Amino acid sequence: MTNRRPGVRVGSASEFSLFFRVIPGHVDELREALTALQHTPGYRPGDYEMTIASIHEARFVLFDDETRLLFATSFDGSWDAYMEDFAAGPLKLFDSIFRHTEGYAGLPDVAAVKSFIMNAQVTAAAYARNYPGTVKQLRRANRLRAAFDQVLDDPDAEAALSHPALKPLLDEAADA
């Protein structure tokens, strides 16, 4: 049975796996485009502010002797909302990559994006996540943890931290 919108959903996130054929003779240009993407703010290793804020992670993989390209990611929300964000966001970056794949004719609008993606997307046979929460919730949790660590490191906070109501937080911090 084929889903109208491909992809497996676990909790708040859906997986997204696209498979493309690389145009013969284009692998060097494709590698250059992928390198340029990797050096773009938000996509550099250690940057956590991707243009599409609902993405948990994203990766491109060349395989089958560099004749095929996998684009895999997971994201929060519905497939249609993700397509809207994708179409409104970093299309120039992705245009420089996808132009090296067979069947690509540009992404002038949301309908073209959806059609191109639907033709390349394959639903995963299995998908699991090791953590709950949306990207927004995880970013907030990281900010809270950093703020809590800052308080823990402050010698002037010792009296306040001795309050019994904070014991569950301190126990969790000690387990990290």
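First things first, this report covers the structure right here in the doc. Values in this document were obtained by computation on a predicted structure and should not be read as measured data.

## Side note on the overall build of the protein chain
Next up, step 1: When helices and strands are counted, the protein chain shows seven helices and four strands.
Next up, step 2: Written out in order from the N terminus, the α and β elements of the protein chain read β-β-α-β-β-α-α-α-α-α-α.
Next up, step 3: Over its C-alpha trace the protein chain gives a radius of gyration of 21 Å, far above what one expects of a compact globule, namely 16 Å for 176 residues.
Next up, step 4: Considered along the principal axes of its C-alpha atoms, the protein chain spans approximately 65 × 40 × 30 Å.
Next up, step 5: Restricting to contacts in the protein chain with at least 6 residues of sequence separation, those with at least 24 account for 69%.
Next up, step 6: Separation between the mean location of the 18 positive side-chain charges and that of the 25 negative ones in the protein chain comes to 7 Å.

## Side note on the pairing of strand β2 (residues 13-21)
Next up, step 1: Here β2 lies mainly inside the structure; seven of its nine residues are buried.
Next up, step 2: Pairing geometry for strand β1 (residues 9-10) and β2, over two bridges, is antiparallel. Bridging across to β2, Arg9 finds its partner in Ser14.
Next up, step 3: The turn joining β1 and β2, which pair antiparallel and follow one another in sequence, is formed by two residues; a positive phi near 60 degrees is taken by Gly11.
Next up, step 4: The sheet contact formed by β2 and strand β4 (residues 68-76) spans nine bridges and is antiparallel. When the sheet's bridge partners are listed, Ser14 is paired in β4 with Phe75.

## Section: the packing of aromatic side chains
Next up, step 1: If you walk through the whole model with that rule in mind, you get 16 aromatic pairs.
Next up, step 2: Note on Phe16 and Phe71: the rings are 6.1 Å apart at their centroids and 85 degrees apart in plane angle, and the pair reads as edge-to-face. Taken together, the residues Phe16 in strand β2 and Phe71 in strand β4 connect sequence positions 55 residues apart.
Next up, step 3: On the basis of an interplanar angle of 75 degrees and a centroid distance of 5.0 Å, the ring pair of Phe16 and Tyr82 is categorised as edge-to-face. Of this pair, Phe16 sits in strand β2 while Tyr82 sits in helix α2 (residues 79-88), placing them 66 residues apart in sequence. Like Tyr82, Phe16 is buried.
Next up, step 4: Three or more aromatic residues link up through ring pairs in this structure, and these residues are Phe16, Phe20, Phe60, Phe71, Phe75, Tyr82, Phe94, Phe98, Tyr104 and Phe116.

## Details of unusual backbone geometry
Next up, step 1: Located in the positive-phi region is Asp65, a residue other than glycine, with phi close to 55 degrees.
Next up, step 2: Mapped onto the secondary structure, Asp65 falls in the loop between β3 (55-63) and β4.
Next up, step 3: Residue classification places Asp65 among the exposed positions, given a relative accessible area of 77%.
Next up, step 4: One non-glycine residue, Glu66, lies in the positive phi region at around 60 degrees.

Definitions and limits used
- Residues numbered from 1 in each chain as written.
- Predicted model: local features only at pLDDT ≥ 70, side-chain atom pairs only at ≥ 80, totals over all residues.
- Heavy atoms only, no water.
- Helix = DSSP H or I, 4+ residues; strand = E, 2+ residues; numbered from the N terminus.
- Rg over C-alpha atoms; globule rule 2.2 N^0.38 Å.
- Contact = heavy atoms within 4.5 Å.
- Lys, Arg positive; Asp, Glu negative; His and termini not counted.
- Charge placed at Lys NZ, Arg CZ, Asp CG, Glu CD.
- Buried < 20%, exposed > 50% of the residue type's maximum accessible area, 1.4 Å probe, protein only.
- Pairing = 2+ DSSP bridges.
- Phe/Tyr/Trp six-rings, centres within 6.5 Å; stacked < 30°, edge-to-face > 60°.

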